[in-house]
Amino acid sequence: MWSLSLLAKATRTRPSKIVGVDDEWAAYQFDQAVMFVGRYIYGKLNELDDKGKPLYEIDDLLDDKTVGASIDELAHIQGIVVEKR
């Protein structure tokens with residue numbers, strides 16, 4: 001998702017269009033998920049310690065050992081949109 005987030009931003013293309021999600025509602029949901037994950041990782045990459053050094057590197061954030069904590073922190077986005085209107 002991080003790579004897709006970067007690609008979508010660089011090409012100014014919706015993530016759902018890049019991967020070929022045809023259903024409008026599913027495309028919206030997918031775009032939202034990619035956006036949330038992308039912003040989360042970008043925010044973590046910009047966190048600095050008291051000396052101005054980055055707290056995280058991308059490899060650490062994408063490592064399986066770190067992902068569990070990250071997924072727990074992202075749990076609040078689950079179910080943001082619960083039904084199509």
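See the structure shown above.
Read on for an overview of the structure. (Residues numbered from 1 in each chain as written. Predicted model: local features only at pLDDT ≥ 70, side-chain atom pairs only at ≥ 80, totals over all residues. Heavy atoms only, no water.)

## So, the overall build of the protein chain
What the protein chain contains, in helices and strands, is 5 helices and 0 strands. Ordered by position in the sequence, the α and β elements of the protein chain form the string α-α-α-α-α. A burial count over the protein chain gives 21% of its 85 residues as buried. Intrachain contacts of the protein chain at a sequence separation of at least 6 include 40% that bridge at least 24 residues. Split by element, the accessible area of the protein chain, about 6600 Å² in all, is 53% carbon and sulfur. (Helix = DSSP H or I, 4+ residues; strand = E, 2+ residues; numbered from the N terminus. Buried < 20%, exposed > 50% of the residue type's maximum accessible area, 1.4 Å probe, protein only. Contact = heavy atoms within 4.5 Å. Areas by Shrake-Rupley, 256 points an atom, 1.4 Å probe, with all protein chains shown as cover.)

## A few points about the packing of helix H1 (residues 2–11) against helix H3 (residues 24–45)
Helix packing geometry: the angle between the two helix axes and the distance between the axes. Relative to each other, H1 and H3 sit at 100°, their axes nearing to 9 Å. In terms of axis orientation, H1 runs roughly perpendicular to H3. Where H1 approaches H3, its residues Trp2, Leu4 and Ser5 are matched on the opposing element by Phe30, Val34, Gly38, Ile41, Tyr42 and Leu45. (Axes fitted to C-alpha atoms, helices over the stretch in contact; angles between N-to-C directions. Parallel < 35°, antiparallel > 145°, perpendicular 65-115°, else oblique.)

## Some details on the layout of surface pockets
For the largest pocket, the calculated volume is near 350 Å³. Around the largest pocket, the lining is made up of 13 residues, and of these Ser5, Lys9, Met35, Gly38 and Arg39 lie nearest the centre. Counting only elements with at least two residues in the lining of the largest pocket, the list comes to H1 and H3. Considering each element in turn, the lining of the largest pocket owes the most residues, 7 residues, to H3. Looking at side-chain class alone, the lining of the largest pocket contains 7 nonpolar, 3 polar and 3 charged residues. (1 Å grid on protein atoms, 1.4 Å probe; cavity = no way out; pocket = protein on both sides within 12 Å on 5 of 7 lines; lining within 4 Å. Points joined across faces, edges and corners; volume = space filled by probe spheres on them. Nonpolar A, V, L, I, M, F, W, Y, C, P; charged D, E, K, R; others polar.)

## Notes on the nonpolar core
Formed by Trp2, Val37, Tyr40, Ile41 and Leu61, the largest nonpolar core amounts to 5 residues. At 3 residues, H3 tops the list of elements feeding residues into this core. (Core = buried A, V, L, I, M, F, W, Y, C linked by side-chain atoms within 4.5 Å.)

## Details of a negative patch on the surface
Together, Glu57, Asp59, Asp60 and Asp63 line one region of the surface with negative charge. Looking at the element boundaries, Asp59 is found in helix H4 (residues 58–62). (Patch = residues over 30% accessible without salt bridge, like charges linked within 9 Å, V, L, I, M, F, W, Y side chains within 5 Å. Salt bridge = Lys/Arg side-chain N within 4 Å of Asp/Glu carboxyl O. Lys, Arg positive; Asp, Glu negative; His and termini not counted. Charge placed at Lys NZ, Arg CZ, Asp CG, Glu CD.)

## Regarding the pattern of salt bridges
Going through the model one piece at a time under the given rule, you end up with 2 salt bridges. In this structure, Arg14 and Asp31 form a salt bridge, with 2.5 Å as the shortest nitrogen-oxygen distance. Of the two residues, Arg14 is situated in the loop between H1 and helix H2 (15–19) and Asp31 in helix H3; the sequence distance between them amounts to 17 residues. Among the residues examined, Arg14 registers a relative accessible area of 47% and is labelled partly exposed. Judged by its relative accessible area of 10%, Asp31 is buried. Residue Glu47 pairs with Lys44 through a salt bridge whose shortest N-O separation is 3.5 Å. Exposure remark for Lys44: the relative accessible area of 12% places this residue in the buried category.

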